[in-house]
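A closer look at the structure
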Amino acid sequence: MPDPGTAPTRATGPEPATTAGHAPATRPAAALAMGREAADAVLKPAVRRRLGEAVDLAPALLTDFTTATARETLATTELLVTGWGCPPLDATALAHAPRLRAVAHTAGSVKGHVTQECWARGIEVSSAAAANAAPVAEYTLAMILLANKRVLHTARAYAARRGRQERLSADPTLGNYRRTVGIVSASLVGRRVIELLRAHELRVLLHDPYVTEAEAAALGATKTGLPGLFAASDTVSVHAPLLPATRGLVSRELLALLRDGGTLVNTARGAVIDQEALTDEVLAGRLHAVLDVTEPEVLPAGHPLWGCENVLLTPHLAGSQGNELDRLAESAVQEVHRWAAGEGFAHAVPPERRELLA
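Calculation criteria
Residues numbered from 1 in each chain as written. Predicted model: local features only at pLDDT ≥ 70, side-chain atom pairs only at ≥ 80, totals over all residues. Heavy atoms only, no water. Domains from an automatic or database assignment. Helix = DSSP H or I, 4+ residues; strand = E, 2+ residues; numbered from the N terminus. Polar contact = N/O pair within 3.5 Å; in protein donor to acceptor, adjacent residues only side chain to side chain. Contact = heavy atoms within 4.5 Å. Axes fitted to C-alpha atoms, helices over the stretch in contact; angles between N-to-C directions. Parallel < 35°, antiparallel > 145°, perpendicular 65-115°, else oblique. Nonpolar A, V, L, I, M, F, W, Y, C, P; charged D, E, K, R; others polar. pLDDT = per-residue confidence, 0-100. Buried < 20%, exposed > 50% of the residue type's maximum accessible area, 1.4 Å probe, protein only. Salt bridge = Lys/Arg side-chain N within 4 Å of Asp/Glu carboxyl O.

1. Regarding the domain arrangement of the chain
- Domain assignment breaks the chain into domain 1 (29-128 + 324-351) and domain 2 (133-163 + 171-313).
- Centre-to-centre, using C-alpha coordinates, domain 1 lies 34 Å away from domain 2.

Here's what the structure looks like:
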């Protein structure tokens, strides 16, 4: 394994001829590795043409690294452009890819397919996580503002009244003016959410063990411990990666500290929250929740959260959807062009971060 403090070494194999300050004389051999649905959605024909300007793109889409076509393609591939549904790049796959030097991922987390063997080989890795963070942060901002305004609850009550209008409410728990928002983790998404919250008159608290008080202040938040964050917040938004240390991080005890009528927003991973404890709180009517992720990812049909009026469930909607997929494609194209020109990735995933990957 390369020393985390040094730049990754390149895999062995012939290098394209280069001259100082110029792109390689020949285009590197590249291939697409992902599910067909992801390839069709993200890598439209125009995008593939732009990739082809920088690399020599193999015609086959690799959805399985064990086929004869895949192994023939991998034998000469220097760069893999990956996406959702990419098979694991384990020791067996890498044995058939002796020239592979880099992976450019068109989605967020690379944890599902970039293995320890990749890091050990010194393969450079890029991710479109920053591009994917943008719509997640936008969704989160919208949900925080709507939650503090009690839009879901009020809309249901309005429908029940059938036309009896009540224009003003003196309820002090309603509204966004000087409310307190707690952000769990200064991840890419968490940082972007804090940035978007600056335009609003809100107090922002942040819990992240890897961020100092000065760094939190520079982001526009006040660093605090988890108990203090939950006790002081009107809305808590979770952005922590799912790691052994974060499974069940938002515990029953922390949820009990969230003030009556408070809202929990989760766009991270369902298992970061004690879902049974949250279910008890929302069914009792004490808390509200906006859940874009659950554990399991699709709840059983009979799960009580489906029918709970205090809960908004969405199907992993926060991440890139529709035309937002074009942002992922643009990020990948730019990364491939940079790498092919010998400039390196702008959004490289360093080996020392592998244990903290979402």
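Having put the structure on the table, let's press on.
2. Overview of the side chain of His-239
- Along the chain, the position of His-239 falls in the loop between β9 (235-238) and α11 (252-257).
- Polar contacts involving the side chain of His-239 include one to the side chain of Ser-237, which spans 2.8 Å.
- Other than its neighbours up to four places away in sequence, His-239 contacts Thr-140, Ile-183, Val-184, Ser-185, Ser-187, Val-189, Gly-190, Val-193, Thr-267 and Ala-268.

3. As for the packing of helix α2 (residues 45-52) against helix α13 (residues 325-340)
- Viewed as axis vectors pointing N to C, α2 and α13 meet at an angle of 10°, and their least axial separation amounts to 9 Å. When the axis of α2 is compared with that of α13, the two are roughly parallel. Taking contact as the criterion, the partners of Val-47, Arg-50 and Leu-51 in α2 are, on α13, Ala-329, Glu-330, Val-333, Val-336 and His-337.
- Considering only residue class, the contact of α2 with α13 consists of five nonpolar, one polar and two charged.

4. Some words on the confidence of the model for the chain
- Summarising the model, the chain shows a mean pLDDT of 91, and 91% of its residues fall at 70 or more.
- Between residues 1-23, whose pLDDT stays under 50, and residues either more than four places distant or in other chains, the model counts 34 contacts.

5. Topic: the environment of Arg-36
- By secondary structure assignment, the location of Arg-36 is in helix α1 (residues 36-42).
- Take Arg-36: its relative accessible area is 51%, and that puts it in the exposed class.
- Remark: the alpha-carbon pair of Arg-36 and Ala-120, spanning 84 residues in sequence, is separated by 29 Å.
- Leave out the neighbours within four places in its chain, and Arg-36 touches Leu-61 and Thr-63.

6. Here's the deal with the pattern of salt bridges
- Within this structure, the stated rule accounts for 11 salt bridges.
- Here Glu-78 ties to Arg-99 by a salt bridge, and the two come within 3.5 Å at their closest N and O atoms. Here Glu-78 is found in the loop between α3 (68-74) and β3 (79-82), whereas its partner Arg-99 is found in the loop between α4 (91-95) and β4 (102-105), with 21 residues between them in sequence.
- In this structure Glu-78 comes out as buried when scored by relative accessible area, which is 4%.
- With relative accessibility at 23%, the residue Arg-99 sits in the partly exposed group.
- Here Arg-286 and Asp-260 are joined by a salt bridge, their closest N and O atoms 2.8 Å apart. Here Arg-286 is found in the loop between α12 (275-283) and β11 (288-291), whereas its partner Asp-260 is found in the loop between α11 and β10 (263-266), with 26 residues between them in sequence.
- Its relative accessible area of 19% is what places Arg-286 among the buried residues.

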